[in-house]
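If you want the building blocks of each chain, they are given just below.
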Amino acid sequence: MKYCIVFFVLLLSLSTIAQEHKLQLKTPDGEPIGYLTVLCEKRHFCVLSDARGWISLDSKYFQAGDTLCFTSMFYHELKVPYVDLLGKQELLLQPVVMKMDEVVVYPTSAAEEMVREMAESFSQRYAENYAASLTYLRTVECNDRYREFYGLQGLYFSIDFNQTGRKLFFMDKHLLTCLPVTVMRSNSLAEDSDKVLSRSSVILPPGSISHFSVESMNVEYQTYPKQTALSRKRTLEIYSPLNPKQLKNFTYAISDFYKRGNEKIYVIFFETKDGAFSSRTKVYGKGMLYYNLTTRMVEKIVMENHQDQYAMFPRWKVDRMIPSATRHILEVSYVCKDDRIFTKSVKMDVEWVDPKVEYDFYFFIENARRKPFENHLKQYDYYEFDNFIVFDNHKKKQIVPYLYYHSWEEFFYLAPFDPAAWEKVKWTGIDKKRLFLELSLPGCSLYQQAEKNALDVKFYYRDCEQWFYDRISNLYRRVPAIYKILQEK
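Report on the accompanying structure. Every value quoted in this text rests on a predicted model; they were computed, and no experiment measured them.

### Focus on the overall build of the protein
Within the protein one finds 10 helices and 17 strands. For the protein, buried positions account for 54% of its 489 residues. Considering only residue pairs separated by 6 or more positions, the protein has 69% of its internal contacts joining residues 24 or more positions apart. Of the roughly 22,800 Å² of accessible surface on the protein, 52% is carried by carbon and sulfur atoms.

### Overview of the pairing of strand β1 (residues 21-26)
Across the six residues that make up β1, a large majority, five, are buried. Taken together, the four bridges between β1 and strand β4 (residues 54-57) define a ladder with antiparallel strand orientation. Residue pairing for β4: K22 is matched across the bridge by S56. Judged from the three bridges that link them, β1 and strand β7 (residues 90-92) form a sheet pairing that is parallel.

### Describing the pairing of strand β3 (residues 45-48)
What you see with β3 is no split at all: F45 and V47 on one side and C46 and L48 on the other are buried throughout. Of the strand pairs in this sheet, strand β2 (residues 37-40) and β3 are connected by four bridges, and their pairing is antiparallel. Bridging from a neighbouring strand, V38 pairs with V47 of β3. Connecting the antiparallel pair β2 and β3 is a turn made up of four residues, with H44 showing a positive phi of about 60 degrees.

### Considering the environment of R185
Mapped onto the elements of the fold, R185 is located in strand β10 (residues 175-185). In this structure the C-alpha to C-alpha distance between R185 and Y447, which are 262 residues apart in sequence, comes to 8.6 Å. A distance of 3.4 Å separates the side chain of R185 from the backbone oxygen of A454, its partner in a polar contact.

### So, the sheet that holds β4
Overall, mixed pairing links the three strands, which are arranged β4-β1-β7 in an open sheet. Looking at strand neighbours, the two that pair on one side only are β4 and β7, the edges of this open sheet. Shown here is a sheet whose adjacent strand axes are inclined to one another by a mean of 30 degrees, direction ignored.

### Structural notes on the packing of aromatic side chains
Going through the model one piece at a time under the given rule, you end up with 26 aromatic pairs. Aromatic pair F122 and Y126: ring centres 5.3 Å apart, planes at 50 degrees, arrangement tilted. Residue classification places F122 among the buried positions, given a relative accessible area of 0%. With a centroid separation of 4.6 Å and an interplanar angle of 20 degrees, the aromatic rings of F342 and F388 are classed as stacked. Of the two residues, F342 sits in strand β16 (residues 340-352) while F388 sits in strand β17 (residues 378-390), which places them 46 residues apart along the sequence. Judged by its relative accessible area of 17%, F388 falls in the buried class.

### Some remarks on the packing of helix α7 (residues 432-439) against helix α8 (residues 446-453)
Two measures define how a pair of helices packs: the angle their axes make with one another and the distance between the axes. Close contact between α7 and α8 brings their axes to 8 Å; oriented N to C, the two are set at 70 degrees. The angle between the axes of α7 and α8 places the two elements in the roughly perpendicular class. Contact residues: α7 offers L435, F436 and L439, while α8 offers L446, Y447 and Q449. For the contact of α7 with α8, the residue count by class is five nonpolar, one polar and no charged.

### Some remarks on the sheet that holds strand β6 (residues 75-81)
Adjacent strands of a sheet form backbone hydrogen bonds with each other and so pair up, either parallel or antiparallel. Reading across the sheet, the four strands line up as β3-β2-β5-β6 and stay open at both edges, with antiparallel pairing between neighbours. Here the strands that pair on one side only, and so sit at the sheet edges, are β3 and β6. Along the sheet, successive strands turn relative to each other by an average axial angle of 25 degrees, direction set aside. Bridge count between β2 and strand β5 (residues 67-72): three bridges; the pairing is antiparallel. Pairing of C40 across the sheet is with L68, part of β5.

### Notes on the pattern of salt bridges
By the definition in use, this model includes 19 salt bridges. In this structure, the salt-bridge partner of E237 is R234, at a minimum N-O distance of 3.6 Å. Note that E237 and R234 are positioned in helix α4 (residues 229-239) at a spacing of three residues, about one turn of the helix. Of the two residues, E237 and R234, both sit in the buried class. E271 is paired through a salt bridge with K286; the nearest N and O atoms lie 3.9 Å apart. With E271 in strand β12 (residues 263-272) and K286 in strand β13 (residues 283-292), the pair connects residues that are 15 residues apart, well separated along the chain. Linked through salt bridges whose partners overlap, the residues forming this network are E141, D431, R434 and E438.

### Re the environment of K26
For K26, the position within the fold is in strand β1. Overall, the relative accessible area of 18% leaves K26 in the buried class. Once the C-alpha coordinates of K26 and L93 are considered, the two residues, 67 residues apart in sequence, prove to be 6.3 Å apart. Setting aside chain neighbours within four positions, we find K26 in contact with E31, P32, I33, E90, L91, L92 and L93. Only 3.1 Å separates the side chain of K26 from the side chain of E90, close enough to count as a polar contact.

### Concerning the nonpolar core
With 96 residues, the main nonpolar core has F157, M184, I268, L289, Y334 and F385 as its most contacted residues. When near neighbours in sequence (up to four residues on either side) are disregarded, F385 contacts A132, S133, L134, Y156, L230, T343, K344, S345 and V346.

Calculation rules
Residues numbered from 1 in each chain as written. Predicted model: local features only at pLDDT ≥ 70, side-chain atom pairs only at ≥ 80, totals over all residues. Heavy atoms only, no water. Helix = DSSP H or I, 4+ residues; strand = E, 2+ residues; numbered from the N terminus. Buried < 20%, exposed > 50% of the residue type's maximum accessible area, 1.4 Å probe, protein only. Contact = heavy atoms within 4.5 Å. Areas by Shrake-Rupley, 256 points an atom, 1.4 Å probe, with all protein chains shown as cover. Pairing = 2+ DSSP bridges. Polar contact = N/O pair within 3.5 Å; in protein donor to acceptor, adjacent residues only side chain to side chain. Axes fitted to C-alpha atoms, helices over the stretch in contact; angles between N-to-C directions. Phe/Tyr/Trp six-rings, centres within 6.5 Å; stacked < 30°, edge-to-face > 60°. Parallel < 35°, antiparallel > 145°, perpendicular 65-115°, else oblique. Nonpolar A, V, L, I, M, F, W, Y, C, P; charged D, E, K, R; others polar. Salt bridge = Lys/Arg side-chain N within 4 Å of Asp/Glu carboxyl O. Core = buried A, V, L, I, M, F, W, Y, C linked by side-chain atoms within 4.5 Å.

Next up, the structure:
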């Protein structure tokens, strides 16, 4: 009888654990924390809290030894064993509170007024047509080891700036493109490794695995570098609070205030209203605006794990917030010169995690590597702009014929490798020593790889017509003519 009772208690315990347990995330003030990504550290998958902060802990995904990591740029990191959460109905997360120069409670109306001024200023003062010097750095990591590097220095062009959204992002009238001066490419990831397939898209056998499905992430491979940070920047300029027409779709609160010399900078938290998704705005999520009240301009916008319905990052054709296959932070900084606003830098950190969903909603043109979950794929993109030159419509007509087609999502550029130019680069966000060590091969340093790959037209393109090879190979030769036009008075 004693053994029967023990067996019954054990069976009841297992039955309880096997049930789906729900837990609500809250702030110390009792406010629910919606759309927060919770990572299972041991097996690298995640779940997402809903709009009211509820998360479902389903035992078909979790194991007794798992530890859940609650992490966000807005809250202090908290790690809790899975079994400890089964007895809880709610969990409190501590907001990240910055040290303010003054302790002031600001009403919501004050934040709304600041954002309105900021958006109007941005819309009116962002330069319509300009050129700038560009440095672009991109790394790919697998299992915390650098596996690939791509870098470009050249001329960047922003032409016909506007904040009018189009039905599809590639119909955008705003031209963002570049002419290369020097490029630096490491070798590709080894094609015989389990991290990539051959440098051509894998064709899925009919009826095997559906395109855009979660399963396809382990099979499909795209060779293109997919420099997507600029397209995300473009989404924010059209559909975030940077656009006066989008202000009504967000809530605002001042979370910080500090001084820099005589200037006052306010950090304003913003979040999409629940009713705004997705018919009213293409951006869904939360972020921070750094607003310089003295100069009346935005200095920086940061968003974490946002859903981008315009540039499709990385989901499409969905009508609600769903778990992301990536944990990502996008940061865009701006600078003011001669009362004109320019983009100073764009930074995007992406880490692939398994969202544990059963829907075919992913747009896997973003999936540039095989088995991104298993190999803990991380990608880092950083653009830095300087030496801004504004030009009028007359010069625009002279410049545009020299530019390549609308390529602000991807730069497939070839140019000579100039080691002296790369020695001067600031390797922002990259461990240069570790990068050169981990990407160097026996008898072939990273610089030697860059020298070999710089003008290899078939590095990315193997089956294109000759006219395309000729065009892509000679773009860097157009730079002297562009310099001459820009310097003419």
